[in-house]
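If you want the building blocks of each chain, they are given just below.
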Amino acid sequence: MAADTLAQELAQKSTDQLKQDLLELVRDRDGEPLGKKVAFAKTELAPWFAELNRRNPFPDPPDQVDLVVGVWWPVWSTIPFQDTFPGRIYEQSYQIFQANGYYANMARYAPGNKLPLLRRFTNKLLAYDFMIVQKFDVRSNQWFIQNVGIEQAFRLNLSPLTIDKAQAWFESIAQAKLAADAQSQSTTPNFDKLDKSTAKKYEKIFQATPQLEHLYIDRDFRLVKTQREAKQRPSYTIAVRRAER
């Protein structure tokens, strides 16, 4: 379909239909190789991104802050760090924003969990829970993101990383960070549990100052554009609200 024709067709759809279309387009595709996802965003998803951006009900960052608080599920993303480790369990991946200005990206990793022959074994082995802790703020009509910590934990993969468990883990970390803030203490992430190659990647991530823009946001749906550095290609994330249990 020609670009102009598709743009006209999308303009006729309701916003809810555009969001459902986008979710359907990315269904079961978050596990694809990063390069394939980047190309898919550029060649297939861009018209939906543009139309939703045109309809963004809250285009001003100060109006977005209250909307982001809570738990989100990143349905599909081209952010590279998420799949640095093998075996990410997509249903146990979360973005959590707190009203105190702290924000976490976290996921459980269990290598082999996607392979039917190995799944019954990985369910009984150790899992690796990983969290990047960030602070967020809106100033001068822009989002500012600061990486402030990396947390890791090995756990038995007998029970999933539920929303309740994810929130409890993040809450304990955020409270410790707030206490350190109150005492003007800086915290440095510990990469000792990572191999040298992975540690080097995350040291670079930690030192970056990510740029964030909500192309579209409402109370249940976010389309986010991020860049780790100004010269880096943008990444896109589609996230939906997760009900807190």
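Conventions used here
Residues numbered from 1 in each chain as written. Predicted model: local features only at pLDDT ≥ 70, side-chain atom pairs only at ≥ 80, totals over all residues. Heavy atoms only, no water. Axes fitted to C-alpha atoms, helices over the stretch in contact; angles between N-to-C directions. Helix = DSSP H or I, 4+ residues; strand = E, 2+ residues; numbered from the N terminus. Parallel < 35°, antiparallel > 145°, perpendicular 65-115°, else oblique. Left-handed = near helix turned anticlockwise from the far one by under 90°. Contact = heavy atoms within 4.5 Å. Nonpolar A, V, L, I, M, F, W, Y, C, P; charged D, E, K, R; others polar. Salt bridge = Lys/Arg side-chain N within 4 Å of Asp/Glu carboxyl O. Buried < 20%, exposed > 50% of the residue type's maximum accessible area, 1.4 Å probe, protein only. Phe/Tyr/Trp six-rings, centres within 6.5 Å; stacked < 30°, edge-to-face > 60°. Lys NZ or Arg CZ within 6 Å of the ring centre and 35° of its normal.

Let's shift gears to the packing of helix α1 (residues 3–11) against helix α3 (residues 34–54). Remark: α1 packs on α3, axes separated minimally by 10 Å, with the N-to-C direction vectors making an angle of 45°. When the interaxial angle is binned, α1 and α3 end up oblique. Crossing of α1 against α3: the hand is right-handed. Contacts from Leu6, Leu10 and Ala11 of α1 reach α3 at Pro47, Trp48 and Glu51. Here the residues of the contact of α1 with α3 are counted per class, giving five nonpolar, no polar and one charged.

Across all of its chains, the model carries 13 salt bridges by this definition. Across the salt bridge formed by Asp30 and Arg88, the nearest N and O atoms sit 2.9 Å from each other. Here Arg88 lies in strand β2 (residues 88–97) and Asp30 lies in the loop between α2 (15–25) and α3, a separation of 58 residues in the sequence. A relative accessible area of 3% means that Arg88 is categorised as buried. Between Arg55 and Glu51 there is a salt bridge whose closest N-O contact spans 2.8 Å. Each of Asp16, Lys19 and Asp218 takes part in salt bridges that share partners, so that together they form one network.

On to the packing of aromatic side chains. The full count for this structure, using the stated rule, is eight aromatic pairs. Measuring from centroid to centroid gives 6.1 Å for Tyr128 and Phe130, while their planes differ by 35°, and the two rings are tilted. Judged on exposure class, the residue Tyr128 and its partner Phe130 are both buried. Residue Tyr128 is classed as buried on the basis of its relative accessible area of 9%. Chaining the aromatic ring pairs together yields one cluster made of Phe97, Tyr103, Phe136 and Trp143. Over the ring of Trp169 we find Arg155; its NZ or CZ atom is 4.8 Å from the centre of that ring. The ring of Trp72 has Arg222 lying over it, and the distance from NZ or CZ to the ring centre is 5.1 Å.

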